[in-house]
Structure formats: C-alpha cells, structure tokens
Amino acid sequence: MEQEDKLRRRHAVARILADRGDTLVVTGLGSPTYDCAAAGDNPLNFYLWGAMGSAVTVGLGLALAQPQRRVLVITGDGEMLMGLGALATTAAKKPENFAVAVIDNEHYAETGMQRTHTHDGIDLAGIARACGFREATTVRRADELNEVVAMLHKAKGPIFVDIKVSAARDPLVLPPWDGTFLKTRFRQALLGVRAAA
Amino acid sequence: MTTQTVEDIRSDQDKSERVASASAPNWPQQIFQKLREAEVRQVVYVPDAGHARLIQLCHAAPEMKATVLTTEEEGIGILAGAWLGGERGILLMQSSGVGNCINTLSLAKMCHFPLVMIVTMRGQWGEINPWQVPMGQITADNLRLAGAVVYEVTEPESAATAVEAAMRIAFNGGYTAAVLLSQRMLGTKLFKD
C-alpha cells in the first residue's frame, strides 16, 4: 500500500523539532499546529488557529525583528497555497535566519480531505526556488528528511523544504487557542521584561 | 561630461529635496516624524501615489525596515510577527486593499496585536475611475465591522495628529486602528500625462 511507505507527519515534525534548540516556531492552522503541539508545547511556539495564508508572513516579520534568532515556519500545503505571494515577499527580503517547512499531504485535511494543487503536481519547492529562496527542496523519505533538519535550523536562509507525507489522520492534539495568551507567553519567553512595553 | 563629487551629488539631492518640499504638501514628512517618535521599525506597504513620499522617507530611514507586499493582508501577518519579536510597525495601503485584509484582520483581533493602517482613499471624493468606487464607498464601514478604530482625515494638517492618535491607541491597547486619508486632501488622479 502506497500510504504505508510515506512519511508520517507527526514523525516528521517531531524529528524536526527534536533539534530545534532555541529556534522560534510559527505554525500554520490545522494539522501543522496539532503536529507541533504533539511534539511538545513550547512558549516559543506561536500557533495560528486562523488567518489562513499568514504563517509565512508572521514568521517573516518575526525574523526581521529578531535577526539573531532562527525562525522556522511549519505549515501545510493548503495554507501555503493560500499565501504564495508571501514567498516572493520573503525572498525579496532575503532573511538569512528564516526557514519554511511545508508538511505536504496534498489534501485539505481539516475540511474533508479534498485534494490540493500539490496533488496535481504543483511544485511548492520549485515556486520557492524561482522566487529566490537560497535553498528549496522536496523530501519524501526518512533519510532525506534527516539530511535537511540541520539545514532548516542552521543554514543561511531563506530555506524552503516541502516534506511529502501520508494523508493519514492522527489523533487531535490541541494547543491553547487563546490568541492573547499565546502572544504574551511568546513575548515573555523571548523578550523577558521588554515584553511589557 | 564633468565628474561629480560625492559633495556635488549631495548638494544636488539637497536642492531637489528643497524644491520638492517647497511644492509638495508636508503632511508625509509630518507623519514620518510621528513614526520616528513612536519608534516604528517596520513599515510594510502596497504602494499608492498618495503614499509615495512617505514610502520614500521610510526607505531612506536607517532605523526602519520597509517591505513591499504582494497583497495587503501580508502586512497584517508581518506586523504580528514584528510585535512578537519586539518591534512596532505600520501598514500603508490604498482603500482597495482593505477588502483584501478582512479575514486576516482576525489575527490582530484575536491576539490583540497592535495594528496601525494608514489608508489613502480612492473611489470617494471626485473619483474619475468608477471601478474604484465600490470598495472606496465601503472602506470605512468594513474596517468598523472588523473592529477597527477609524480616523477619517480630510485636512492635511490633521493627518499627523490622527496617525499619532491611532498609534497610541493601537500600541498601548492592542487595538486595530486605521487612518483614512481622504481624496479631498490627496487630490484626484486625473489620468492625464
């Protein structure tokens, strides 16, 4: 069965986050938010629960504000497709501390598993590369994923990795969804006393 | 052809600055001054002719990062990220861009991210292009429905103080605030060379 050979999204996200160090993480709504929560809640995770298409832009604004810190956006193929222009905006700014990982199951898992454009061959990494991301690649196997984890956390950006995963559903793991709490918790963890300003 | 020194070029720039500022209204300069005083660090925009001078000033300011967007709602995300990282920002757009922002405004509202928008109006006062009218006529209502505090400015001398007020309420309270600059003060685009 084809599905069984594919990467599982929870394994992929847990593998990436195992090496995060002090990386700042922004998650796209839906499954990537649950995947990151399942890997372990962290005050330096900013979970999006809405504003579809905004994951890359939130990460970009953060990367520009915190050039000394690594920023990683973990989002889905449907969320990424809604904000493709953000890849052009990002590439134009050339943030060296910025990476995007798309957990690409080629479906809209939240709304009934309708196919996304990536199922029909639309190449997100190709789009990122054409925009001018420093590195942009697609991985399908565990060994390929292992090879790009360090790149996501360390290599000079902007970096883009499309990770093809199985469309199988995982148990829901819901992080907090009080936006004000998530914002303030993140700022406190990152900025300390400056968070109050 | 004579060779220009750096000093010559600077002097030419100064001269053209003086000419420009003598003939152009100075509200963009006044708004820019308020942005500086408020320690705005990120300026994100989809350009409009009415914003051209302010955009120039922000690009030239060493402490500001100016980012052009492919669509206005990107700016809401970027400024949310900027705030997470400890920086203040501002979003510049034309009224037609407000429609693009509606769902993304929920990000600012749900998290109480401060969001300041300066919107140059089209489709409003003396508009020649009828295609601008549908969005221009519902811009202020749309913003209010989305929960924004709206300041409508018709006189150039009120622009900077309105921006200052919008920044205060947004940065202090986590509100969304929009300053709408009327075509009465910007003038009408006439479609003539």
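Note: the structure precedes this text.
Residues numbered from 1 in each chain as written. Chains lettered and ligands numbered in written order. Predicted model: local features only at pLDDT ≥ 70, side-chain atom pairs only at ≥ 80, totals over all residues. Heavy atoms only, no water.

## Section: the overall build of chain A
Here is step 1: Helices and strands together make up the secondary structure of chain A, namely nine helices and eight strands.
Here is step 2: Against the globule reference of 16 Å for 197 residues, chain A gives a C-alpha radius of gyration of 16 Å, in line with a compact fold.
Here is step 3: Projected onto the principal axes, the alpha-carbon positions of chain A cover approximately 55 × 35 × 30 Å.
Here is step 4: Here chain A holds 197 residues, and 56% of them are scored as buried. (Helix = DSSP H or I, 4+ residues; strand = E, 2+ residues; numbered from the N terminus. Rg over C-alpha atoms; globule rule 2.2 N^0.38 Å. Buried < 20%, exposed > 50% of the residue type's maximum accessible area, 1.4 Å probe, protein only.)

## Focus: the overall build of chain B
Here is step 1: For chain B, the count of helices and strands is nine helices and six strands.
Here is step 2: A burial count over chain B gives 49% of its 193 residues as buried.
Here is step 3: Pairs at least 24 residues apart make up 75% of the contacts formed inside chain B by residues separated by at least 6 positions.
Here is step 4: With an accessible surface of roughly 9300 Å², chain B has 53% of that area assigned to carbon and sulfur atoms. (Contact = heavy atoms within 4.5 Å. Areas by Shrake-Rupley, 256 points an atom, 1.4 Å probe, with all protein chains shown as cover.)

## Considerations on the interface of chain B and chain A
Here is step 1: If you look at the interface, chain B gives 26 residues, while chain A gives 27 residues.
Here is step 2: Counting the contacts that link chain B with chain A gives twelve residue pairs in polar contact (both at pLDDT 80 or more).
Here is step 3: Looking at which element gives the most residues to the side of chain B that touches chain A, the answer is helix 4 (residues 73-84) of chain B, with eight residues.
Here is step 4: Of the residues that constitute the side of chain B that touches chain A, the class distribution is twelve nonpolar, eleven polar and three charged. (Polar contact = N/O pair within 3.5 Å; in protein donor to acceptor, adjacent residues only side chain to side chain. Nonpolar A, V, L, I, M, F, W, Y, C, P; charged D, E, K, R; others polar.)

## Re the layout of surface pockets
Residues and elements named next belong to chain A.
Here is step 1: There is about 240 Å³ of room inside the second largest pocket.
Here is step 2: Taken together, 17 residues form the lining of the second largest pocket, with L29, E79, Y108, A109 and E110 sitting closest to its centre.
Here is step 3: Where the lining of the second largest pocket is concerned, the elements lending two or more residues are helix 3 (31-38), helix 5 (77-82) and strand 5 (107-108).
Here is step 4: Per-element tally for the lining of the second largest pocket: the top contributor is helix 5, with three residues.
Here is step 5: A per-class count over the lining of the second largest pocket returns six nonpolar, seven polar and four charged. (1 Å grid on protein atoms, 1.4 Å probe; cavity = no way out; pocket = protein on both sides within 12 Å on 5 of 7 lines; lining within 4 Å. Points joined across faces, edges and corners; volume = space filled by probe spheres on them.)

## Considerations on unusual backbone geometry
Here is step 1: For the peptide bond that leads from A:G157 to A:P158, omega is 0°, which places it in the cis range.
Here is step 2: One non-glycine residue, A:E106, adopts positive backbone phi at about 65°.
Here is step 3: Phi angles above zero are rare outside glycine, and B:E39 is one such case at about 60°.
Here is step 4: One can find B:E39 in the loop between helix 2 (27-37) and strand 1 (40-45).

## Some points on the side chain of A:T118
Residues and elements named next belong to chain A.
Here is step 1: Among the secondary structure elements, T118 is positioned in the loop between strand 6 (114-115) and helix 7 (124-131).
Here is step 2: With relative accessibility at 2%, the residue T118 sits in the buried group.
Here is step 3: Apart from the residues within four sequence positions on either side, T118 is in contact with D77, L81, D104, E106, L124 and K164.

## Looking at the pattern of salt bridges
When the charged atoms of two side chains lie near each other, side chains of opposite charge can form a pair.
Here is step 1: Taken as a whole, this structure holds 18 salt bridges over all chains when the rule is applied.
Here is step 2: With a closest N to O distance of 3.2 Å, B:R144 and B:E152 form a salt bridge.
Here is step 3: Judged by relative accessible area, B:R144 falls into the partly exposed class, the value being 41%.
Here is step 4: Taken together, the shared-partner salt bridges in this structure form one network comprising A:D104, A:E106, A:D162 and A:K164. (Salt bridge = Lys/Arg side-chain N within 4 Å of Asp/Glu carboxyl O.)

## Quick look at the sheet that holds strand 6 (residues 176-181) of chain B
Residues and elements named next belong to chain B.
Here is step 1: Read from one edge to the other, the open sheet built from six strands follows the order 2-1-3-4-6-5, with strand pairing classed as parallel. Two strands close off the open sheet at either side, each with one partner strand: strand 2 (65-68) and strand 5 (149-153). When the angles between neighbouring strand axes are averaged without regard to direction, this sheet yields 20°.
Here is step 2: As judged from the five bridges shared by strand 5 and strand 6, these two strands associate in the parallel manner. Following the sheet pairing, E152 is matched in strand 6 by L180. (Pairing = 2+ DSSP bridges. Axes fitted to C-alpha atoms, helices over the stretch in contact; angles between N-to-C directions.)

## Some remarks on the packing of helix 4 (residues 55-65) of chain A against helix 6 (residues 85-93) of chain A
All names here are of chain A.
Here is step 1: With their axes 9 Å apart at the nearest point, helix 4 and helix 6 run at an angle of 15° to one another. Taken together, helix 4 and helix 6 sit at an angle that is classed as roughly parallel. In this structure, helix 4 meets helix 6 at a crossing whose hand is left-handed. In contact with V56, T57, L60 and L64 of helix 4, helix 6 contributes A86, T89, T90 and K93.
Here is step 2: Its residues assigned to classes, the contact of helix 4 with helix 6 comprises four nonpolar, three polar and one charged. (Parallel < 35°, antiparallel > 145°, perpendicular 65-115°, else oblique. Left-handed = near helix turned anticlockwise from the far one by under 90°.)

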